[in-house]
Amino acid sequence: MFPATIATIGNYAFDGSNLTSLTIPATVTSLGEGIIARTTGLTSVSVAEDNENYTAIGGCIYNAAGTILLAAPSGITTVEIADNVTETEHCRPGVHLHH
């Protein structure tokens, strides 16, 4: 899906798309806002294990340390977040966050 050298996925890159799955490659160093906004069929996102900047937990995108929730797929209505999560950047309205 992505070129082998992709470093940035821009703002609203997949907004409203029909994606059902998404894997963020290891080469990605920057994610824009709302990259998976309104992707109602998307219920899980994965991140390449060797990506040094991002990780996926519970199908959502976090920073590498797992302390900032960056994006939750539109197909998920409830997100269980760990106690170490300190921020929820760019998380779409309507997601119910639970510690």
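For the structure, see preceding data.
One numbering rule holds for all chains: residues counted from 1, following each sequence as written. Where totals are concerned, whole chains, interfaces and linings use all residues; where local detail is concerned, this predicted model gives features only for residues with pLDDT of at least 70, and gives and counts side-chain atom pairs only at 80 or more. Only hydrogens and water are removed before side-chain values are computed, so all heavy atoms of the structure are retained for them.

Q: Quick rundown of the overall build of the protein chain? Include the residues and the values.
A: Within the protein chain one finds zero helices and 10 strands. Overall, the protein chain shows an N-to-C arrangement of helices and strands of β-β-β-β-β-β-β-β-β-β. Burial statistics for the protein chain: of 99 residues in total, 40% are counted as buried. Whether two residues touch is decided by their heavy atoms; if any such pair falls within 4.5 Å, the residues are in contact. Sequence-distant contacts in the protein chain: of pairs separated by 6 or more residues, those separated by 24 or more amount to 21%. We count a stretch as a helix when DSSP gives it H or I for four or more residues in a row; a strand needs E for two or more, and each element gets its number in order from the N terminus. Relative accessibility thresholds used throughout: buried, under 20% of the residue-type maximum; exposed, over 50%; partly exposed, between the two (1.4 Å probe, protein chains only).

Q: Break down the pattern of salt bridges for me, citing the residues and quoting the values.
A: The working definition used for a salt bridge is a side-chain nitrogen of Lys or Arg within 4 Å of a carboxyl oxygen of Asp or Glu. This model, assessed by the stated rule, comprises one salt bridge. As a salt-bridge pair, arginine 38 and aspartate 15 come within 2.9 Å of each other at their nearest N and O atoms. Of this pair, arginine 38 sits in the loop between strand 3 (30–31) and strand 4 (45–47) while aspartate 15 sits in the loop between strand 1 (8–9) and strand 2 (22–24), and the two are 23 residues apart along the sequence. Arginine 38 sits in the exposed class, given a relative accessible area of 58%.

Q: Go over the environment of isoleucine 24, please, and point to the residues and values.
A: Within the secondary structure, isoleucine 24 sits in strand 2. A relative accessible area of 0% means that isoleucine 24 is categorised as buried. Between the C-alpha atoms of isoleucine 24 and glutamate 49, which are 25 residues apart in sequence, the distance is 9.6 Å. Not counting residues up to four positions away in its chain, the partners in contact with isoleucine 24 are Ile9, Leu31, Ile35, Val45, Ser46, Val47, Ala48, Asn51 and Ile61.

Q: Describe the packing of aromatic side chains, with residues and values.
A: Stacked, edge-to-face and tilted labels apply to pairs of Phe, Tyr and Trp rings (six-membered ring for Trp) whose centres lie within 6.5 Å, assigned for plane angles under 30 degrees, over 60, and everything in between, in that order. Within the structure shown, the criterion is met by one aromatic pair. Between phenylalanine 2 and phenylalanine 14, the ring centres sit 6.0 Å apart and the planes meet at 80°, which makes this aromatic pair edge-to-face. Of this pair, phenylalanine 2 sits in the segment before strand 1 while phenylalanine 14 sits in the loop between strand 1 and strand 2, and the two are 12 residues apart along the sequence. With a relative accessible area of 22%, phenylalanine 2 lands in the partly exposed category. In this structure phenylalanine 14 comes out as buried when scored by relative accessible area, which is 12%.

Honestly, it's all geometry; don't read function into it.
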